[in-house]
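Commentary on secondary and tertiary structure
Next come the chains, spelled out residue by residue.
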Number of protein chains: 2
Amino acid sequence: MAKSGEKLVYAFGGGEADGRADMKALLGGKGANLAEMCALGLPVPPGFTITTEVCTYFTKHSGQYPKALAKEVDAQIKILQTEMNAGFGTPTANGNVLLLSIRSGGRASMPGMMDTVLNLGLNLQTVAALAKQSGDDRFAYDSYRRFIQMYGDVVMNVAHHHFEDVLEDFKMENNYRLDTELSSDDWKILVPKYLAVAESQSGKPFPQDPMEQLWGAITAVFNSWMNQRAITYRGLHNIPESWGTAVNVQAMVFGNMGETSATGVCFTRNPSTGDAHYYGEYLINAQGEDVVAGIRTPQPLTILEKKTSSSDLPSLEELMPDAYADLLQIKDKLEKHFTDMQDMEFTVQQGKLWMLQTRTGKRTAKAALKIAVDMKQEGLIDKTEAIRRVDPEQINQLLHPMLDPDAECEIIGTGLPASPGAASGRVVFTSSDAEAWVAKGEKVILARIETSPEDIGGMHVSEGIVTTRGGMTSHAAVVARGMGKPCVSGAGGVRIDVTKKTMSALGVTMVEGDMVTIDGASGRIIKGVVPTVDPELGGDFSKLMKWADGVRTLKIRANAETPEDAAVARNFGAEGIGLCRTEHMFFEPTRIMHMREMILADCEQSRRTALDKLLPHQKKDFLELFRIMEGLPVTVRLLDPPLHEFLPTRKEDIKAVANDLGVKEEEIEARIVQLHEFNPMLGHRGCRLGITYPEIYEVQTRAIFEAACELTKEKIKVKPEIMIPLIATLNEFSILKKLVDKIAAEVMEKTGVNVSYIVGTMIELPRAALAAGEIAKEAEFFSFGTNDLTQTTYGLSRDDSGRFIGIYREKGVIEADPFVTIDTEYVGELVKIGSERGRAENSNLHIGICGEHGGDPDSIRFFHKIGLDYVSCSPYRVPIARLAAAQAALGVEVKSNA
Amino acid sequence: MAKSGEKLVYAFGGGEADGRADMKALLGGKGANLAEMCALGLPVPPGFTITTEVCTYFTKHSGQYPKALAKEVDAQIKILQTEMNAGFGTPTANGNVLLLSIRSGGRASMPGMMDTVLNLGLNLQTVAALAKQSGDDRFAYDSYRRFIQMYGDVVMNVAHHHFEDVLEDFKMENNYRLDTELSSDDWKILVPKYLAVAESQSGKPFPQDPMEQLWGAITAVFNSWMNQRAITYRGLHNIPESWGTAVNVQAMVFGNMGETSATGVCFTRNPSTGDAHYYGEYLINAQGEDVVAGIRTPQPLTILEKKTSSSDLPSLEELMPDAYADLLQIKDKLEKHFTDMQDMEFTVQQGKLWMLQTRTGKRTAKAALKIAVDMKQEGLIDKTEAIRRVDPEQINQLLHPMLDPDAECEIIGTGLPASPGAASGRVVFTSSDAEAWVAKGEKVILARIETSPEDIGGMHVSEGIVTTRGGMTSHAAVVARGMGKPCVSGAGGVRIDVTKKTMSALGVTMVEGDMVTIDGASGRIIKGVVPTVDPELGGDFSKLMKWADGVRTLKIRANAETPEDAAVARNFGAEGIGLCRTEHMFFEPTRIMHMREMILADCEQSRRTALDKLLPHQKKDFLELFRIMEGLPVTVRLLDPPLHEFLPTRKEDIKAVANDLGVKEEEIEARIVQLHEFNPMLGHRGCRLGITYPEIYEVQTRAIFEAACELTKEKIKVKPEIMIPLIATLNEFSILKKLVDKIAAEVMEKTGVNVSYIVGTMIELPRAALAAGEIAKEAEFFSFGTNDLTQTTYGLSRDDSGRFIGIYREKGVIEADPFVTIDTEYVGELVKIGSERGRAENSNLHIGICGEHGGDPDSIRFFHKIGLDYVSCSPYRVPIARLAAAQAALGVEVKSNA
């Protein structure tokens, strides 16, 4: 809060400034950077910043200002008039008028949430002077009526449409269609009408006194800090109300004062490619918004850029060489000063260059990577800063094939970008059709209303997956990300008819076998084949990754069960497998038959007979997996899902299975009914299967150790870690650990080989997290299963939450989907409790996490902070996790704004 | 552990004893009580107890004994021979032989888990002496061969069947069918054969030296502490291994030494009725096991008892007046000494009375109540002790109608005693049939394979419920207990054919409309009508309840929504309603129609139209409820279950609903598909409905406040507490509290009446428990929903766990069903954390629990300990909870052994 004697207003201009770039808390981002540019001696239109502390005072005192403010503002206005040699409200002797912009500017960017007033200072007297000064009547009166409308809206609460009505009436009377058809005389007629509208709608005359205008605007901006839009935005982005906003009052300059004026934006390096070339666009005789609006084609800034883009428009370098030379110098100065690529706005008013803004430039993933590595090599930044500069989430784009950016696309639908990458193939609508087409040598895209575990086989053979229902964390999305396959989920506008085997959207109907392309990075579904380009994981990428590995302390493992996934993971730098889901190994046609035979068996003996048929398959899997991960740990989770997930549900599938297994359909149906669960997530699964059917875990353990012993004989180093899922009590773990130890000893004795291994558990239930101290007495490692831990802690089914989680985010009930970024507050507390209690009991306990959160940078930051040993994520996210872990080690607190 | 110099052996006998009753930890229960009786001067066969510390030493030192033990035992044996004037292994000059019993006896009773050896000391020399002493060859040689078999089994590991084989062969050779046909000469022939079996099977000769026999038996008993049976039993009953067992070595006395010998059991008061009359049974010339085995009809102890039971057998009072007089004196002495009803065993050996055991007697609920109240009134115990004496769980029997104990019953099936009480009615197999029969004025019993929320209507109108699937915590069981109706669940042997409308078991088939009786206290299903007797809640009951109310600090509320339940609850002493489940109010035919209309509505407006039709019904419910609970708080939970629970599932029901509502069947089916959830427990329910369809909570709130205001105008005091279910985050609560406050203000303004109310939440998710500090900033009360909290903390679906929870208990994985008794360790920790964090933030926070655990005495003890304000349970459990709360306040730690 503003105390008496403290400065309330910080001036900038004329090569001097009261503020600095590091005073963002007090002056907001915009104000601090304007001050910094001024202090660097750059030509910035002068102005001043009213501090965020005034905002706080204003909010707490129901719209009152600290007493000293009025005097400070008055003094600044006087200085501004002198500096600009222009009169505020009354033109100076030379006919110059001072117009002001009034803008909000908080510590964090809140684009479009708060109010702005431009051209403040215009009245009937100054508008005439402006017309004279600019030599352009139309410009002056158009500016005035725009000011009346903006001020009317923001300060006087007169809705836009009241002004638009007047304009429309006038256009109708005069048979005009476009605003551009209005002459300066027309605008002169309209101005009084606008003033009248403002007065009649607000009940107060539109102020002619510029100081009254100024205070109205300042108050409106401060008030807008507490408008509903802003409150909601802050809620969603975790911006404290107490931060407040600053108000920037700045002299207006005009890029639209004739042919010697111009306005543009430029970047110190190419924001798309990262090339270290000056890059920008501008327009002659235009305002900033014209560049952004894209009504006129912007011109290239440099001669080089003109050549590269084969433009025939003249560059600023050619047209205004003096202003360009100034700009070139300024850009070098700014990039060196801020040691990052800058995004600048400038205006040339009647030949003179003014800098309006500079900020760190947004950039593509590719550019971010190149700029970071280049700057390090140029000596501008050091290694750790280069690591900080790249957003881990963003490099995801670089790891998958992308649509060729130059290709034409006929988009037929859009869904959520659920798993990145692009792929083409023949569209199919069932898992079995997918397998059938693939058997014929075709590539397919599997399109389903939603997927279930039954579709795993089809998903495996497909190039990509589309669903019309479900969100970013639906079954399809999670499994696709796990498999590293592109996926577009929840494409609501697309209608799939499974019976007819068609997919329709936007009037296009595709039938089974038609070629389709999907882009999982953007959520687009495209008709036909679109060429893709492969990712370049070359020099810059591997350099940055190496630097990252040098600083991180968290180990990174991958969730993988197939040899392909394991190979990808190792290639991407995974330091082991943190989660091998053995059930995924059972979905291949011959295997699922044995699995079903086991489930339909009515006694332990028949179950064992069926399981014995599965054993050689499982052993083969482990032989391959262990070989690929030679020397690295492989965490194998014993069977987890409820048995009914392996049974068919559709009538025709039941028939087929009955045929295959030589049993009656009714028998299968009866077993399905018997196994039906109300809440399978909380049902007969995980270690509960191991306790009730020990023979299942026994056979799995046997397969693991037979493979491990065989490879050890070949001198291949194997480090198996046996993981028991869904533990709630120590007793469950003890019983199953004994079983594993017994089988391991048997196999090792039989083969005469010793394999060192550890047995641990997933901590995925709140009870297990709380009982971690007990469980750690026997467990040698913990792996937090944060997906299920989130489901149980929140009492929220991931598969069902899609129906209302959208509304929850809209209404600001939750900030982020807790299945994407871990709820650090309370699910996180359980992870922390579990890890602390576990370590207190067993200091050797090795602790990791293997939920989807293992690949999420924000979550990784949290896991680093609470001291876990490793995270395990899907193979394609390993590089992201490596970078995120490095940033966490460097203490990066929030996502970079890049 | 035994330290040198510490006593290892405690002697008793001859009116003196080294031990006392309060030394159970060292001497075990049996040893301590034998010592106590001796010290009281009662005629106890002398003996000694080897302490539990020797057991601990023995276990830790792989079967070694402390050095001093042998000497102490030797000394005791010498004393025993002197005291009994009998020789151990060699008869004394007068021909007397000393035989010993060797029995385990731990601190806690572990019936049948550990080993015992009787008649120790017999060999070829002493058996002859015993024959002479008793004048009965057959008795002596039969005793010897029994000893060989028992010792062979327990000490030498020779299985029983080896001895049985010898006996069978002998009987076959001699054409005997029964053991009683064998003469003393036959037993004399068999003894050497038995000795030979023991030697050939064990590889060692059967010991003739009595000291060798003795050490073998002592070692066997100590070893049996670590046998698998005992370990499992301890695991299940939470008995620490470290407690160890004592070994009691005691002189044998014989009730079967002719017509002047007898043996019996007696109680200081009648254990069935509680009447203060001496009560017992005995047999002449018999051993203790003969009384228990029931081969011979036992004789009444007293003349009074002989009359009461119209027995024509002579009483002990008549036959052995001296022994009887001694016994009478002893019984008075023991009851006074232990100040509780005693269960005693005695033997008369050739005219002399010996006391073998005394312990607190087990008793029926009725007897427990009467004895406690009587003893208080006799001045034997005080009020608090009377409260301690009655097992709260046991009095459940007294609160419901019971089958007339004298009636004949044709039992056709048995299931779990899921909800106590007895009832008769016509058997029906669907909810709608139940309603149809009841509409005709008939009483019905609803029999279903399992129930679902759709059956609520039928359950409501039925006298009782039977299911063939599901456990003690299945839907049927929980709802029936809530309604206070008898229920037998999981009657696996009964087959229900819903299509044919029949129920068959034990060869009997009943069709719809046949009369059936069920006894929910025993789980019996009986053909026809069995008369019932109503509970007597008279003098003793209300006296004890009043005493209990005087000491408890926990308040007791009831879970109730119907006027009937509320009236029962108030009558049973409930101090308010802790949970009124508004959804139960929607299952009546007209209401569910409006509910379905609401669910099928496609926009807010249509939903509101349907809800407006429900409003008057809800208001009427609240008017009745508030009136009954005048002056007491009523906690109303807003709608909780997912909407699909209100839709029909069976084809024919869908058709009927479509007809009623005038919509297409396909429309209903489509909505059912749309609302289908994978895990409804974790789905779109509770406050998630309130956030997404605020109009539902709005209308419910309006109904509550319209009713409250109307009654307030009538000067009826109303205390509504609005409870928002399934809160996971503060935001959810804030949004919905605002909604409730807004509607409440509206209604109060409109009616011009002020009603004070509070708004709170259920804490039923782990996240809510952890976030309790935040939530308590706005919530005025918490009610822990421990059912759902247990489901989520364990990741265990109550409806699905039945399939494996049995195996879990069998294998000792869990001790108690966590849905019956709260898991105090970890679910309990969350309750504790939630309540501590809540109170830290808001010291006025009122905290209760309303899960099923609210009626469970063990759980109530826990809730008292962590300082909750109240528990809420089903109306019929209110008295149980009152008593349990009083015991908790008195610091009663474990269930009484009664």
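Here, the structure is the one placed above.
In this report, the structure presented in the accompanying data block is examined. (Residues numbered from 1 in each chain as written. Chains lettered and ligands numbered in written order. Predicted model: local features only at pLDDT ≥ 70, side-chain atom pairs only at ≥ 80, totals over all residues. Heavy atoms only, no water.)

What about the overall build of chain A?
Convention followed: Here a strand is any run of E in DSSP of at least two residues, a helix any run of H or I of at least four, and the numbering for each starts at the N terminus. Residue burial is assigned from relative accessible area. The probe radius is 1.4 Å, only protein chains are included, and a residue is buried under 20% of its type maximum, exposed over 50%, and partly exposed in between. Areas reported here follow the Shrake-Rupley algorithm with a probe of radius 1.4 Å; residue values treat only the protein chains shown as occluding. Lys and Arg are tallied as positive, Asp and Glu as negative. Neither His nor the chain termini are counted. For this purpose, a charge sits on NZ of Lys, CZ of Arg, CG of Asp or CD of Glu.
If you tally the helices and strands in chain A, you get 35 helices and 32 strands. Over its C-alpha atoms, taken along the principal directions, chain A stretches across nearly 105 × 60 × 55 Å. When burial is assessed residue by residue, chain A has 57% of its 898 residues classed as buried. Working note: accessible area of chain A is about 35300 Å², and carbon and sulfur atoms make up 50% of it. Between the mean site of the 97 positive side-chain charges and the mean site of the 121 negative ones, chain A shows a separation of 4 Å.

Focus: the side chain of lysine 737 of chain B
Relative to the helices and strands, lysine 737 of chain B is located in helix α28 (residues 730-751). By relative accessible area, which is 15% here, lysine 737 of chain B ends up buried.

A short note on the pairing of strand β21 (residues 508-511) of chain B
Residues and elements named next belong to chain B. Inclusion rule: What makes two strands pair is DSSP finding at least two bridges between them.
Only one face of β21 is buried: it carries Val508 and Met510, and the other face, with Thr509 and Val511, is open. Pairing between strand β20 (residues 502-505) and β21: four bridges, direction antiparallel. Its bridge partner being in β21, serine 504 is matched across the sheet by threonine 509. The loop that links β20 with its antiparallel partner β21 comprises two residues; one of these, leucine 506, has a positive phi angle of about 50°.

Quick notes on the sheet that holds strand β22 (residues 515-519) of chain B
All names here are of chain B. For the record, the criterion: Axis definition: a line fit to C-alpha positions, over the contact stretch in the case of helices; interaxial angles, taken between N-to-C directions, run 0 to 180 degrees. Here, residues are in contact when the closest pair of their heavy atoms is within 4.5 Å.
A sheet is described by the order of its strands in space; here eight strands give the open sequence β13-β23-β22-β15-β16-β17-β18-β14, paired in mixed fashion. The sheet terminates laterally at β13 (411-414) and β14 (416-419), the two strands that pair on one side only. Between one strand axis and the next, the sheet turns through 30° on average, direction left out of account. As paired strands, strand β16 (residues 444-448) and strand β17 (residues 464-467) are joined by four bridges and run parallel to one another. Opposite leucine 446, over in β17, you have isoleucine 465 as the bridge partner. Sitting on the sheet, helix α17 (residues 431-439) touches β15 (422-428) and β16, and the angle it makes with β16 is about 170°.

Observations concerning the relation of the copies chain A and chain B
Selection criterion: The atoms used to superpose the copies are C-alpha atoms, taken from residues with pLDDT of at least 70 in both, and the fit is least squares.
Rotating chain A by 179° and moving it 0.1 Å along the rotation axis overlays it on chain B with an RMSD of 0.2 Å. Both chain copies can therefore be described as sitting about a two-fold axis. Taken together, the interface assignments show that 100% of the residues at the interface of chain A recur at the interface of chain B, consistent with an identical surface on both copies.

Here we look at a negative patch on the surface
All names here are of chain A. Test applied: Residues qualify for a patch when their relative accessible area is over 30% and they have no salt bridge, like charges being joined within 9 Å and the nonpolar side chains of Val, Leu, Ile, Met, Phe, Trp and Tyr within 5 Å. Salt bridges are defined by distance alone: a side-chain nitrogen of Lys or Arg within 4 Å of a carboxyl oxygen of Asp or Glu.
On the surface, Glu164, Asp165, Asp169 and Glu173 cluster together into a patch of negative charge. For aspartate 165, the location among the structural elements is in helix α6 (residues 160-173). For aspartate 165, a relative accessible area of 41% gives the class partly exposed.

Remarks on unusual backbone geometry
Residues and elements named next belong to chain A. Even without being a glycine, serine 62 presents a positive backbone phi close to 40°. Tracing the sequence through the fold places serine 62 in the loop between α2 (52-60) and α3 (69-84). Its identity as a non-glycine residue notwithstanding, lysine 715 has a phi of 65°, on the positive side. Mapping lysine 715 onto the fold places it in the loop between α27 (694-713) and β28 (719-724). Looking at lysine 715, the relative accessible area reads 73%, which means it is exposed.

A short note on the environment of isoleucine 556 of chain B
Residues and elements named next belong to chain B. Along the chain, isoleucine 556 turns up in strand β25 (residues 555-559). With 86 residues separating them in the primary sequence, isoleucine 556 and proline 642 have C-alpha atoms 29 Å apart. Excluding anything up to four places from it in sequence, isoleucine 556 contacts Gly573, Ala574, Glu575, Gly576, Val871, Cys873, Val878, Ala881, Arg882 and Ala885.

Points about the packing of aromatic side chains
Here the distance between the centres and the angle between the planes together describe a pair of aromatic rings. Residue and element names in this part refer to chain B. To be explicit about the condition: Only Phe, Tyr and Trp rings take part, Trp by its six-membered ring, and two of them pair if their centres are within 6.5 Å. Stacked means planes under 30 degrees apart, edge-to-face means over 60, and tilted covers everything else.
Within this structure, the stated rule accounts for 39 aromatic pairs over all chains. Judged by centre distance (5.3 Å) and plane angle (35°), the rings of phenylalanine 163 and tyrosine 194 are tilted. Residue phenylalanine 163 is located in helix α6 (residues 160-173), and its partner tyrosine 194 is located in helix α7 (residues 184-202); the two are separated by 31 residues in the primary sequence. Measuring from ring centre to ring centre gives 6.2 Å for phenylalanine 267 and tyrosine 279, while their planes differ by 45°; the resulting arrangement is tilted.

Quick word on the sheet that holds strand β31 (residues 846-849) of chain A
All names here are of chain A. With parallel pairing, the eight strands of this closed barrel are ordered in space as β25-β26-β27-β28-β29-β30-β31-β32. Each neighbouring strand pair of the sheet contributes to a mean axis angle of 25°, computed without reference to strand direction. Two strands pair when backbone bridges link them, and β28 and strand β29 (residues 758-763) are joined in this way by four bridges, in the parallel orientation. Opposite isoleucine 724, over in β29, you have threonine 761 as the bridge partner. Strands in contact with helix α28 (residues 730-751) are β28 and β29; relative to β29, the strand with the most contacts, it is inclined by about 145°.

Examining the packing of helix α5 (residues 137-154) of chain A against helix α7 (residues 184-202) of chain A
Residues and elements named next belong to chain A. Rules: Working rule for angles: under 35 degrees goes down as roughly parallel, over 145 as roughly antiparallel, 65 to 115 as roughly perpendicular, anything else as oblique. It is the rotation of the near helix from the far one that decides the hand of a crossing: anticlockwise by less than a right angle makes it left-handed, clockwise makes it right-handed. Ten residues, namely Ala, Val, Leu, Ile, Met, Phe, Trp, Tyr, Cys and Pro, are considered nonpolar, four, namely Asp, Glu, Lys and Arg, are considered charged, and the remaining ones, Gly among them, are considered polar.
Running from amino to carboxyl end, α5 crosses α7 at an angle of 20°, the nearest separation of the two axes being 9 Å. Between α5 and α7, the angle is such that the two are roughly parallel. When the axes of α5 and α7 are compared, the crossing they make is left-handed. Here α5 contributes Asp137, Arg138, Tyr141, Asp142, Tyr144, Arg145, Ile148 and Gln149 to the contact with α7, which in turn contributes Ser184, Trp187, Lys188, Val191, Tyr194 and Leu195. Along the lines of polarity and charge, the residues of the contact of α5 with α7 split into seven nonpolar, two polar and five charged.

Concerning α28 of chain B
Using the following cut-off: Under the convention used throughout, the expected extent of a helix is 1.5 Å for every residue step, that is, one less than its residue count.
Here α28 of chain B spans 31 Å end to end across 22 residues, near enough to the 32 Å set by a 1.5 Å rise per residue. Of all the positions in α28 of chain B, only Leu730, Glu732, Phe733, Ser734, Leu736, Lys737, Leu739, Val740, Ile743, Ala744, Val747 and Met748 of chain B are classed as buried. Among the structural elements, α32 (802-810) of chain A together with α26 (687-692), α27 (694-713), β28 (719-724), β29 (758-763) and α30 (772-775) of chain B are those in contact with the buried residues of α28 of chain B.

Some remarks on the interface of chain A and chain B
We apply this condition: Buried surface area refers to the total accessible area, computed with a probe of radius 1.4 Å, that the two partners give up upon joining, counted for both partners together. Here a polar contact is taken to be a pair of N or O atoms separated by no more than 3.5 Å, where protein atoms must pair a possible hydrogen donor with a possible acceptor and residues adjacent in sequence count only if both atoms sit in side chains.
Contact residues are listed per partner, giving 49 residues for chain A and 49 residues for chain B. For the chain A face of the interface with chain B, the top three residues by lost area are Leu682, Arg767 and Tyr826 of chain A, together amounting to 14%. Between chain A and chain B we count six salt bridges in total. The shortest N-O distance in the salt bridge between glutamate 829 of chain B and arginine 837 of chain A comes to 2.4 Å. Connecting chain A to chain B are 28 residue pairs in polar contact (both at pLDDT 80 or more). At the level of elements, α25 (665-675), α26 (687-692), α28, α29 (766-770), α31 (786-794), α32 and α33 (827-841) of chain A are the ones that each hand at least two residues to the side of chain A that touches chain B. Along the lines of polarity and charge, the residues of the side of chain A that touches chain B split into 22 nonpolar, 14 polar and 13 charged.

With respect to the pattern of salt bridges
Residue and element names in this part refer to chain A. Summed over the entire model, instances satisfying the criterion amount to 108 salt bridges over all chains. A salt bridge links lysine 7 to aspartate 18, with the nearest nitrogen and oxygen atoms 3.2 Å apart. One end of the pair, lysine 7, is in the segment before β1 (9-13); the other, aspartate 18, is in the loop between β2 (16-17) and α1 (24-39), with 11 residues separating them in the sequence. The class for lysine 7 is partly exposed, based on a relative accessible area of 38%. In the salt-bridge network here, residues are joined through shared partners; they are Asp340, Arg363, Glu385, Arg388 and Arg389.

Observations regarding the packing of helix α34 (residues 857-865) of chain B against helix α35 (residues 878-889) of chain B
Residue and element names in this part refer to chain B. Look at α34 against α35: their axes get within 9 Å of each other, and the N-to-C directions meet at 50°. Compared by their axis directions, α34 and α35 come out oblique. Here α34 and α35 pass one another in a crossing that is right-handed. Counting all contacts with α34, which are made through Pro857, Ile860, Arg861 and His864, the residues of α35 involved are Ile880, Ala881, Ala884, Ala885, Ala888 and Ala889. Among the residues forming the contact of α34 with α35, the class breakdown is eight nonpolar, one polar and one charged.

Thoughts on the environment of lysine 307 of chain A
Take lysine 307 of chain A: it is sitting in helix α11 (residues 303-308). A relative accessible area of 65% means that lysine 307 of chain A is categorised as exposed.

A closer look at the pairing of β17 of chain B
All names here are of chain B. The alternating pattern of β17 places Gly464 and Val466 and Ile465 and Thr467 on opposite faces, both of which are buried. Note: β17 against strand β18 (residues 487-489), two bridges, orientation parallel. Bridging across to β18, valine 466 finds its partner in valine 488.

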